[in-house]
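Spelled out, the chains give:
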Amino acid sequence: MSEILSQLSYCVEFGKIDKLSPYPPDLKGQDGADEIAKRALDAGIKPDDILEQALIPAMAVVGDKFSRKLIYVPQMLMAAKAMSSAMKHLKPFFQSGETKLKGKFIIGTVAGDLHDIGKNLVAMMIEGGGWEVIDLGVDVGTEKFLKSVEENPEAIIGLSALLTTTMENMKKTVITIREKYSGIKILVGGAPVTMEYCKKIGADFYSPDPQGAVNYLNQIVS
Ligand code: B1M
């Protein structure tokens with residue numbers, strides 16, 4: 001990997017967003033993911049190489065460390081922010097179709113549920129894994145999910161629930177989406193959700209953490 005891409009990868013893994021960002025302390029005053037991603041493009045490195053050789057591997061390391069409890073939510077959030085600051089330079093290339101993403105992922109927290117910290121982490125990790133993410137936000141009713149599926153029929157759906165009471169809404173949404181779009185892949189997650197519940201409501205996969213979600217999506221397209 002070129003020097004510039006390994007610098008970028010390091011910034012993402014350790015959450016160095018931009019030059020002004022004081023975190024991590026050993027990189028204070030140095031360029032972050034924001035400046036280095038721009039420099040990589042200016043140097044003629046292709047956006048897909050930046051994504052595939054620097055950003056995706058760095059986020060995979062972050063996801064793996066989080067799954068193994070070697071880092072926690074704050075470090076993961078910083079890494080995801082660093083990744084997003086690099087992605088903003090790459091997005092125009094993906095939006096123009098010049099560079100292809102792996103696919104689309106629709107995500108939302110189910111109706112009646114306002115918890116979004118975990119859902120946002122999952123969304124950021126999946127974006128960092130090279131997917132276009134359509135984030136419907138919190139308290140998302142079945143109709144809103146259905147409308148988004150209608151607009152993006154090739155997408156994979158992700159539902160998050162943090163309350164035992166809203167797990168019932170997750171079930172209703174999964175059943176309704178399934179009735180209309182039998183072949184669509186549905187991923188579920190959130191603290192009270194389990195693989196057993198996933199199977200019971202007819203979803204395709206349950207992941208306890210963001211990296212498991214990324215791995216599942218990658219496995220579908222591979
Ligand atoms: Co609430 N809350 N909360 N809360 N809250 C919990 C969830 C609770 C466990 C606290 C407790 O009682 N110990 C409890 C739920 C009990 C239950 O039903 N089992 C609870 C309750 C009861 C409530 C209220 C009802 C309180 C009240 O008003 N009486 C109320 C409900 C509001 C509503 O949603 N309608 C409420 C409100 C809130 C706040 C708004 C104050 C705030 C949310 C702020 C926000 O999200 N923007 C809040 C918070 C912060 C929490 C706790 C403290 C932290 C949740 C969190 O962000 N965790 C939580 C207690 C706790 O967990 N210690 C609690 C960190 C986050 C990274 O983890 O969300 O689990 P998590 O996400 C993980 C995985 O689950 C997974 O990946 C993430 C990273 O590993 N994951 C997925 C998540 N979604 C995924 C989707 C996937 C795959 C993986 O695929 C699609």
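Residues numbered from 1 in each chain as written. Predicted model: local features only at pLDDT ≥ 70, side-chain atom pairs only at ≥ 80, totals over all residues. Heavy atoms only, no water.

On to the overall build of the protein. Per the secondary structure count, the protein includes nine helices and five strands. What you see in the protein, going N to C, is helices and strands ordered as α-α-α-α-β-α-β-α-β-α-β-α-β-α. Computed over the C-alpha atoms, the radius of gyration of the protein is 18 Å, within 12% of the 17 Å expected from 2.2 N^0.38 for a compact globule of 222 residues. Seen through its principal axes, the protein has C-alpha atoms that stretch 50 × 35 × 25 Å. For the protein, buried positions account for 48% of its 222 residues. Pairs at least 24 residues apart make up 68% of the contacts formed inside the protein by residues separated by at least 6 positions. (Helix = DSSP H or I, 4+ residues; strand = E, 2+ residues; numbered from the N terminus. Rg over C-alpha atoms; globule rule 2.2 N^0.38 Å. Buried < 20%, exposed > 50% of the residue type's maximum accessible area, 1.4 Å probe, protein only. Contact = heavy atoms within 4.5 Å.)

Looking now at the coordination of the cobalt atom of the ligand. Among protein residues, the single donor to the cobalt atom of the ligand is His115 (NE2), with a metal-donor distance of 2.2 Å. Tracing the backbone through its elements, the reader meets His115 in the loop between strand S1 (104-109) and helix H5 (117-128). (Donors = N, O, S within 2.8 Å, 3.2 Å for Na, K, Ca; no water.)

This part covers the environment of Glu127. Structurally, Glu127 can be placed in helix H5. A relative accessible area of 14% means that Glu127 is categorised as buried. Separated by 22 residues in sequence, Glu127 and Phe105 have C-alpha atoms that sit 8.7 Å apart. When residues no more than four places from it in sequence are discounted, the contact partners of Glu127 are Met83, Ser84, Met87, Lys91 and Val133.

Time to look at the site of the ligand. Around the ligand, the surrounding shell holds 26 residues, and the nearest of these are Leu114, His115, Asp116, Ser160 and Thr164. A distance of 2.6 Å separates an oxygen atom of the ligand from a polar backbone atom of Leu114. Contact distances for the ligand include 2.9 Å between an oxygen atom and a backbone N or O atom of Thr164. Mapped by element, the contributors of at least two residues to the shell around the ligand are H5, strand S3 (156-160) and strand S4 (186-189). (Near = heavy atom within 4 Å. Polar contact = N/O pair within 3.5 Å; in protein donor to acceptor, adjacent residues only side chain to side chain.)

The next subject is the packing of aromatic side chains. Scanning the entire structure with this criterion turns up two aromatic pairs. Taking the centre distance of 4.5 Å and the plane angle of 35° together, the rings of Tyr10 and Phe14 count as tilted. Ring centres of Phe205 and Tyr216 lie 4.4 Å apart, and the angle between their planes is 5°; this geometry places the pair in the stacked category. Of this pair, Phe205 sits in strand S5 (residues 205-206) while Tyr216 sits in helix H9 (residues 210-221), placing them 11 residues apart in sequence. (Phe/Tyr/Trp six-rings, centres within 6.5 Å; stacked < 30°, edge-to-face > 60°.)

Peptide bonds are trans in most cases, and residues, glycine excluded, mostly fall at negative phi. Residue Tyr23 is joined to Pro24 through a cis peptide bond whose omega torsion reads -5°. In this fold, Pro24 is placed in the loop between helix H1 (3-13) and helix H2 (33-42). Even without being a glycine, Lys69 presents a positive backbone phi close to 60°. With respect to the element layout, Lys69 can be found in the loop between helix H3 (47-67) and helix H4 (73-95). Note on Lys69: relative accessible area 60%, which makes it exposed.

Quick look at the nonpolar core now. It is characteristic of soluble globular proteins that their nonpolar side chains tend to be buried jointly. Counting residues in each nonpolar core, the largest one holds 46 residues, and the members touching the most others are Leu8, Val12, Ile50, Leu55, Leu90, Ile126 and Leu217. If we skip the residues at most four places from it in the chain, Leu55 touches Leu8, Val12, Ile50, Ala86, Met87, Leu90 and Gly128. Membership of the second largest hydrophobic core comes to 25 residues, among which are Val140, Val149, Ala155 and Ile186. (Core = buried A, V, L, I, M, F, W, Y, C linked by side-chain atoms within 4.5 Å.)

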